[in-house]
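Listed below are the residues making up each chain.
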Amino acid sequence: ETGVTQSPTHLIKTRGQQVTLRCSSQSGHNTVSWYQQALGQGPQFIFQYYREEENGRGNFPPRFSGLQFPNYSSELNVNALELDDSALYLCASSPTGTGGYGYTFGSGTRLTVV
Amino acid sequence: ILNVEQSPQSLHVQEGDSTNFTCSFPSSNFYALHWYRWETAKSPEALFVMTLNGDEKKKGRISATLNTKEGYSYLYIKGSQPEDSATYLCAFMRNNDMRFGAGTRLTVKP
């Protein structure tokens, strides 16, 4: 069984630009969650997608948006990038959105905004 | 507010020592508590998913307990080995929203 793959692994963007990060979920998983990890902090919940619908959202502004596709892969889009958006972005998939199963994480995308 | 606190922030132990760390979380509307191990340059790896008060889980030398009434979980490592060096994250689940603590960074010296 394949794990969770994220692309790209590293990215440098300029303030004000837009970025799209991609995640392929593990085979058999229909739920994808996105997290932002800034230096020295735990992963912060951005949002979760379950069967192509947003299924929960953390305290992030609307310029953070997402999509989930019929094959359950997902995208995270961030508009109008700010310097504080520099972080490691983690994607995790699970068999359901209920938390009764451990999440399978990707290796993350390191985004640097300059 | 879903505040998840982990302590200590970091821990240095000698090979062979046993150690434990704490995860504190809100005691209301509990659904699940997860523990993850995150080694440098790798992905976080699920260790345990705990859902019932009084749950005890074990995987090799690592075990965890859960008290949902008072809002804490302990992770124990018996006879630490250098390969146990990692950041250990706990995450509290409520209403499709899983919140992580900042982690405990464990370093095991040979």
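Look up a bit, the structure's there.
Every value quoted in this text rests on a predicted model; they were computed, and no experiment measured them.

**Student:** Is there a simple way to think about the overall build of chain A in this case?
**Tutor:** Along the backbone of chain A there are zero helices and eleven strands. Taken from the N to the C terminus, the helices and strands of chain A come in the order β-β-β-β-β-β-β-β-β-β-β. Projected onto its principal axes, the C-alpha coordinates of chain A cover approximately 40 × 25 × 25 Å. Classification of the 114 residues of chain A by burial places 49% in the buried group. Considering only intrachain contacts with a sequence separation of at least 6, the fraction spanning at least 24 residues in chain A is 53%. Accessible surface, chain A as shown: approximately 5,300 Å² in total, 48% of it carbon and sulfur. Side-chain charges in chain A split into 7 positive and 8 negative, and the spacing between the mean points of these groups amounts to 6 Å.

**Student:** Just to check I follow, could you spell out the sheet that holds strand 1 (residues 5–7) of chain A for this structure?
**Tutor:** Two modes of strand pairing occur in sheets, parallel and antiparallel, and in both the strands are linked by backbone hydrogen bonds. All names here are of chain A. Ordered in space as 1-3-8-7, the four strands form an open sheet in which the pairing is antiparallel. With one partner strand each, in any of the chains shown, strand 1 and strand 7 (64–68) form the two edges of the open sheet. Going across the sheet, the axis of each strand differs from the next one's by a mean of 15°, ignoring polarity. Sheet topology note: the strand 7/strand 8 (residues 74–78) ladder contains five bridges and is antiparallel.

**Student:** How do you make sense of the sheet that holds strand 3 (residues 19–24) of chain B when you look at a structure like this?
**Tutor:** Residues and elements named next belong to chain B. The strand order across the open sheet formed by five strands is 1-3-8-7-6, and the pairing between neighbours is antiparallel. Here the strands that pair on one side only, and so sit at the sheet edges, are strand 1 (5–7) and strand 6 (56–59). Each neighbouring strand pair of the sheet contributes to a mean axis angle of 15°, computed without reference to strand direction. Examined bridge by bridge, strand 6 and strand 7 (residues 62–67) share four bridges and lie antiparallel to one another. Counterpart to glutamate 56 in the pairing with strand 7 is threonine 65.

**Student:** So what exactly am I meant to see when it comes to the nonpolar core here?
**Tutor:** The tendency in soluble globular proteins is for nonpolar side chains to be buried as a group. Residue and element names in this part refer to chain B. Ranked by internal contacts, the top residues of the largest apolar core, which has 23 residues, are Phe21, Leu33, Trp35, Phe48, Leu75, Tyr88 and Leu106. Among the elements of the structure, strand 2 (10–14), strand 3, strand 4 (32–38), strand 5 (45–50), strand 7, strand 8 (72–77), strand 9 (86–94) and strand 11 (104–109) are those that each provide at least two residues to this core. Here this core gets four residues from one element, more than from any other, and that element is strand 9. In this structure, leucine 75 is in contact with Thr19, Asn20, Phe21, Trp35, Phe48, Ile62, Ser63, Ala64 and Tyr88, ignoring residues within four places of it in sequence.

**Student:** Mind showing me how you'd approach the state of the cysteines here?
**Tutor:** Each disulfide is one covalent bond, formed between the sulfur atoms of two cysteines. Residues and elements named next belong to chain A. A complete count under the given rule lists two disulfides over all chains for this structure. Across the disulfide, cysteine 23 is cross-linked to cysteine 91 (sulfur-sulfur distance 1.7 Å). Disulfide cysteine 23-cysteine 91: the torsion about the S-S bond is -50°, which places it as left-handed. Remark: cysteine 91 occurs in strand 9 (residues 87–94) and cysteine 23 occurs in strand 3 (residues 19–24); sequence separation between them is 68 residues. Given a relative accessible area of 4%, cysteine 23 falls into the buried group. Its relative accessible area of 0% is what places cysteine 91 among the buried residues.

**Student:** Which parts of the structure should I look at to understand the environment of Asp55(B)?
**Tutor:** Residue and element names in this part refer to chain B. On the secondary structure map, aspartate 55 appears in the loop between strand 5 and strand 6. For aspartate 55, a relative accessible area of 16% corresponds to the buried category. Residues in contact with aspartate 55, not counting those within four places in the same chain, are Met50, Ala64, Thr65 and Leu66.

**Student:** Honestly, the interface of chain A and chain B in this entry has me stumped. Any pointers?
**Tutor:** Taken together, the contact pairs 22 residues of chain A with 18 residues of chain B. For the pairing of chain A and chain B, the buried interface totals around 1,500 Å² over both sides, and the portion due to carbon and sulfur atoms is 58%. Across the contact surface, chain A and chain B share zero salt bridges. Taken together, the connections running from chain A to chain B amount to four residue pairs in polar contact (both at pLDDT 80 or more). Contributing elements (two or more residues each) for the side of chain A that touches chain B: strand 4 (31–37), strand 5 (44–50) and strand 9 of chain A. Considering only residue class, the side of chain A that touches chain B consists of eight nonpolar, 14 polar and no charged.

**Student:** Before we go on, may I ask you to explain the side chain of Asp85(A) in this structure?
**Tutor:** All names here are of chain A. Following the sequence through the fold, aspartate 85 ends up in the loop between strand 8 and strand 9. Among the polar contacts made by the side chain of aspartate 85, one reaches the main-chain amide nitrogen of glutamate 82 at a distance of 2.8 Å. Other than its neighbours up to four places away in sequence, aspartate 85 contacts Gln36, Arg63, Phe64, Val78, Ala80, Leu111 and Val113.

The rules behind these values
- Residues numbered from 1 in each chain as written.
- Chains lettered and ligands numbered in written order.
- Predicted model: local features only at pLDDT ≥ 70, side-chain atom pairs only at ≥ 80, totals over all residues.
- Heavy atoms only, no water.
- Helix = DSSP H or I, 4+ residues; strand = E, 2+ residues; numbered from the N terminus.
- Buried < 20%, exposed > 50% of the residue type's maximum accessible area, 1.4 Å probe, protein only.
- Contact = heavy atoms within 4.5 Å.
- Areas by Shrake-Rupley, 256 points an atom, 1.4 Å probe, with all protein chains shown as cover.
- Lys, Arg positive; Asp, Glu negative; His and termini not counted.
- Charge placed at Lys NZ, Arg CZ, Asp CG, Glu CD.
- Pairing = 2+ DSSP bridges.
- Axes fitted to C-alpha atoms, helices over the stretch in contact; angles between N-to-C directions.
- Core = buried A, V, L, I, M, F, W, Y, C linked by side-chain atoms within 4.5 Å.
- Disulfide = S-S within 2.5 Å.
- Buried area = accessible area lost by both parts, 1.4 Å probe.
- Salt bridge = Lys/Arg side-chain N within 4 Å of Asp/Glu carboxyl O.
- Polar contact = N/O pair within 3.5 Å; in protein donor to acceptor, adjacent residues only side chain to side chain.
- Nonpolar A, V, L, I, M, F, W, Y, C, P; charged D, E, K, R; others polar.

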